Amino acid sequence: MTTINPKAPIMITGASGYVAGWIVKNLLEAGHTVHATVRDPAKTKSVAHLQKIADNSTGTLKLFKADLLDQGAFDEAMAGCELVLHTASPFIISGFKDAYEALVRPALEGTRNVFASVERTPSVKRVVLTSSVAATYGDNIDSLKVPNGIFNESHWNTSSTVDHQPYYYSKTVAEREAWKLHAEQSVPNRWDLVCVNPGLVVGPALTTNSISASITTLQQFGDGTMRFGAPHLWNGLVDVRDVADAHVRAGLTPEANGRYIICGDTLSLLQMGSALRQHFGSKYPFPLVPAPKLAFWAIAPLFGMTRDYVSRNVGYKIGFDNSRSQRDLKIEYRDVRGAICEHFQQLLDDGLIKKKA
Ligand code: NAP
């Protein structure tokens, strides 16, 4: 049991991000003081939405500069905080040359850096880490090894490496390191750790500046990538507002503990396309038919995927047990199909997907 004083400031790392924006909004609207770290507070485009929310709410926003790789950079923002929400970590799945530098180093060394600040900050009582379902499984084929193909909080990703599924690997090593550092804390039980493990997050963003793969995934439904069909590829999905609620409740519910899978539903790319078609009609190139696995395997490199990835992921249905989050955090999941459509509409309105008459 950990009770957080609601009057103490709450720190959040990576506040400019897609997911973090909604967490900050929740906290500010509930009247909290938020110590928000961003890489560059002078980049007004990245933080203007947060400032606007603060101006229209009862809470107080204080911005701090901190890079995951700058040792000690989080100390100033953390001073006086009882609750630390660590969301910062790169979520990109393509466009990098060195997966270790782009993903693993910031995730792992960043976690060490933030947790070293926690050790130096006696006021901290709880840390909430944004992990991912990617820390519970590595490839969809892993579903064959768990009862009914359903992953739960007892499962760990044991198959990802820096060369295969590097984003999944980055989330796994970061979460494992967090639990290790929690177990080794210098004053036993001074602070507890709660991990939030969301599926692929969908739903409207509060910023147009994020490069989150959530946004690039949705863009692919409008840019013709899946015009000729989509492989049978399933993802756990969750509304971004549920993910924000989960972080706040994981932080402020005294009994919260351990890991929480946060996942509203599991849909294939075709099912996502079908939800979009029902809402927007046929003017956008939503996938209509399944792409045969063998054909897709052959051309996968053209889509930035390895053949190994296709072999281990296409055609294997997965599921996630979200019952812990419903029971302990009282999450009542929103409809992910609605969130996908809202998100797509926003990308059209923001010009990130070309509008069709
Ligand atoms: P996002 O919008 O790209 O946010 C990532 C955040 O990490 C940004 O605020 C970014 O700051 C920060 N960051 C990256 N490298 C950094 C560094 N070296 N130093 C300091 N900050 C750094 O992506 P998101 O989707 O909101 O992801 C947020 C968290 O949720 C991540 O931990 C991600 O793994 C996790 N997650 C996301 C999903 C999803 O589907 N979106 C699912 C499960 C878990 P800048 O603005 O300065 O770049």
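Up top is the structure these notes are about.
Just so it is clear, the structure is predicted and the values come from calculations on it, not from any experiment.

Asker: Before we go on, may I ask you to explain the sheet that holds strand β10 (residues 258-262) in this structure?
Answerer: Sheet strands line up and pair through hydrogen bonds in the backbone, either parallel or antiparallel. The strand order across the open sheet built from seven strands is β3-β2-β1-β4-β5-β7-β10, with neighbouring strands paired in parallel fashion. On the outer flanks of this sheet lie β3 (60-65) and β10, each paired with one strand and no other. Within this sheet the neighbouring strands show an average axis-to-axis angle of 20°, counted without direction. As defined by bridge partners, strand β7 (residues 192-198) adjoins β10 across five bridges and the pair is classed as parallel. Paired with C195 across the strands is R259, a residue of β10. Lying over the sheet, helix α2 (residues 44-55) contacts β2 (33-38) and β3, oriented at roughly 155° with respect to β3.

Asker: When you look at the state of the cysteines in this model, what are you seeing that I'm missing?
Answerer: Counted under the stated rule, the structure contains zero disulfides. Free of any disulfide, C81 has its nearest neighbouring cysteine sulfur in C195, separated by 19 Å. Residue C81 is classed as buried on the basis of its relative accessible area of 0%. No disulfide involves C195; its sulfur sits 17 Å from the nearest other cysteine sulfur, which is in C263.

Asker: What exactly am I supposed to notice about helix α5 (residues 166-183) here?
Answerer: Within an α-helix, residues lying three or four positions from one another point in the same direction, as the helix has 3.6 residues per turn. If you check α5, its first and last C-alpha atoms are 26 Å apart, about what 18 residues at 1.5 Å a residue would give, namely 26 Å. For α5, a buried count of 13 out of 18 residues is recorded, marking the element as mostly surrounded by other parts of the structure.

Asker: Help me out: how do you make sense of the site of the ligand in this one?
Answerer: Of all residues adjacent to the ligand, which total 26 residues, the nearest are S16, R39, Y167, S210 and S212. Residue D67 places a side-chain N or O atom 3.2 Å away from a nitrogen atom belonging to the ligand. At 2.7 Å, a side-chain N or O of S212 approaches an oxygen atom of the ligand. Contact with the protein chains hides 90% of the accessible area of the ligand, taken as 890 Å² for the molecule alone. Mapped onto the shell around the ligand, the elements with two or more residues apiece are α1 (18-29), α5 and β8 (200-202).

About the cut-offs
Residues take numbers from 1 onward in each chain, read along the sequence in its written order. Restriction of local features to residues with pLDDT of at least 70 applies here, the model being predicted, together with a cutoff of 80 or more for giving and counting side-chain atom pairs; totals for whole chains, interfaces and linings are based on all residues. By convention in this description, side-chain values take in all heavy atoms of the structure and omit both hydrogens and water. DSSP calls a pair of strands paired once it identifies at least 2 bridges connecting them. The helix and strand labels rest on DSSP assignments: H or I over at least four residues marks a helix, E over at least two residues marks a strand, and numbering proceeds from the N terminus. Working convention: axes come from line fits to C-alpha atoms, limited for helices to the stretch in contact. Angles between N-to-C directions cover 0 to 180 degrees. Note on definitions: a residue-residue contact is assigned when non-hydrogen atoms from the two residues lie within 4.5 Å. For this text, the term disulfide refers to a pair of cysteine sulfurs within 2.5 Å. In this scheme, a residue with accessible area under 20% of its type's maximum is buried, one over 50% is exposed, and one in between is partly exposed, where area comes from a 1.4 Å probe on protein chains only. Expected span of a helix, by definition, is 1.5 Å for each gap between consecutive residues, and there is one gap fewer than residues. What makes a residue near a molecule or strand is one non-hydrogen atom of that residue sitting within 4 Å of it. Distance and chemistry together define a polar contact, namely a pair of N or O atoms within 3.5 Å, with one atom able to donate a hydrogen and the other to accept it when in protein, and with adjacent residues in sequence counting only for side-chain atoms on both sides. Per-residue accessibility takes into account occlusion by the displayed protein chains alone, with areas from the Shrake-Rupley method and a 1.4 Å probe.

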